[in-house]
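Given next are the chains, with one letter for each unit.
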Amino acid sequence: MTTPTALENADGPRAIDTHAHQPTSEFLHDAGGQMMRDAADRFGADLETDTYENMIAEYREAGVGRAVLLGWDAETNTGNPPVPNDYVAEVRDEHEDFFIGFGSVDPLKDDCVEEAIRCVEDLGLSGFKFQQIAQGFDPSDPEHDELFATIEDLGVPVVFHGGNSTLGACSAGGRGLKIKYGNPMLIDDVAADHPDLQILLAHPAFPWEREQLAICQQKGNVYMDLSGWMPRYIDDQVVHYAKTLLSDKVMFGTDYPMIEPDPWLSQFAELDLSEDIQRKLLWENAEEFFGL
């Protein structure tokens, strides 16, 4: 493995992965269902499960000291069971020195606002993850305003999916999933209407990279990560902005277990980035965003 210079010179594992999923059946098999198997078949991945102990050891060996563990609830749109928020909190509690727990609420469920409050006030989760394509909702629709206003009042950040999704890849009708909900322009409305809501757009947002860059540049409360894509395939303009105008607003993420930290960081080391920029992207920006 080629190690980024910033990690070579760091005092122990410092990188922070902003986008990690469970390597267990709760996510890969139960919540993912057939749409996850479609993605695995299309891109040559496997859905073998693993333990959290092995996951953490793999991360620390790669120089990663913390990871955001994301909840998942797309039950209304997909019919698949969620990764329960209580389960995310339990895993966080068992490995509190490594995981930052993010809950998930299904915006199409009647109790989504109450569940959001419970996630923060009762479970102590640190934020929320939305996957609009899997969840089948337009975040800019006024019907969801109460949910986002509540999260804004709770004072925790949110992660929104940005760009296309591999879920349901090449299946008939894409399992009914609609990629239009991954357009980051829908998040621009949310950011404008809720200026105190800190928003992290996950992934480089293919095929809407430029729209996402524009939003991150114009909205002070919107950031992005590089998860879901190996660095070699990230659009050149995204890399250019990450090391210039948006160097304070771009973060490292993998999309584990679909992408593992070792190969991602090895390719990241090949990019033309100074050590200062590497530190910003790998951990400094995340430390500020998550209040670590």
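Residues numbered from 1 in each chain as written. Predicted model: local features only at pLDDT ≥ 70, side-chain atom pairs only at ≥ 80, totals over all residues. Heavy atoms only, no water.

The name recorded for the protein in an unreviewed UniProt entry is Amidohydrolase family protein, from Halovivax cerinus.

**So, the sheet that holds strand β1 (residues 15-20)**
Which entries qualify depends on this criterion: Pairing between two strands requires that DSSP report at least two bridges joining them. Strands are runs of DSSP state E lasting at least two residues, helices are runs of H or I lasting at least four, and both sets are numbered from the N terminus onward. Every angle, taken between N-to-C directions, lies between 0 and 180 degrees, and every axis is a line fitted to C-alpha atoms, over only the stretch in contact when it is a helix. Any two residues whose heavy atoms approach within 4.5 Å at even a single point are treated as in contact.
Ordered in space as β1-β2-β3, the three strands form an open sheet in which the pairing is parallel. In this open sheet, the two edge strands, each paired with only one partner strand, are β1 and β3 (99-102). Direction aside, the axes of adjacent strands within the sheet are offset by 15° on average. For strand β2 (residues 64-70) and β3, the ladder comprises four bridges, and the chain directions are parallel. Counterpart to Ala67 in the pairing with β3 is Phe99. Along the sheet, helix α14 (residues 275-290) contacts β1, β2 and β3; its crossing angle with β1, the most-contacted strand, is approximately 65°.

**Some words on unusual backbone geometry**
Put simply, the test is: The buried label applies to any residue whose accessible area, calculated with a 1.4 Å probe on protein chains only, is under 20% of its type's maximum; exposed applies above 50%, and partly exposed to all values in between.
Omega for the bond connecting Phe206 with Pro207 falls within 30 degrees of zero, at 5°, which places this linkage in the cis form. Tracing the chain through its elements places Pro207 in the loop between β6 (199-202) and α11 (209-218). Here the amide bond leading from Tyr256 into Pro257 is cis, since omega sits at 5°, within 30 degrees of zero. Tracing the chain through its elements places Pro257 in the loop between β8 (250-251) and α13 (261-268). Phi angles above zero are rare outside glycine, and Ala205 is one such case at about 70°. Take Ala205: it is sitting in the loop between β6 and α11. In this structure Ala205 comes out as buried when scored by relative accessible area, which is 0%.

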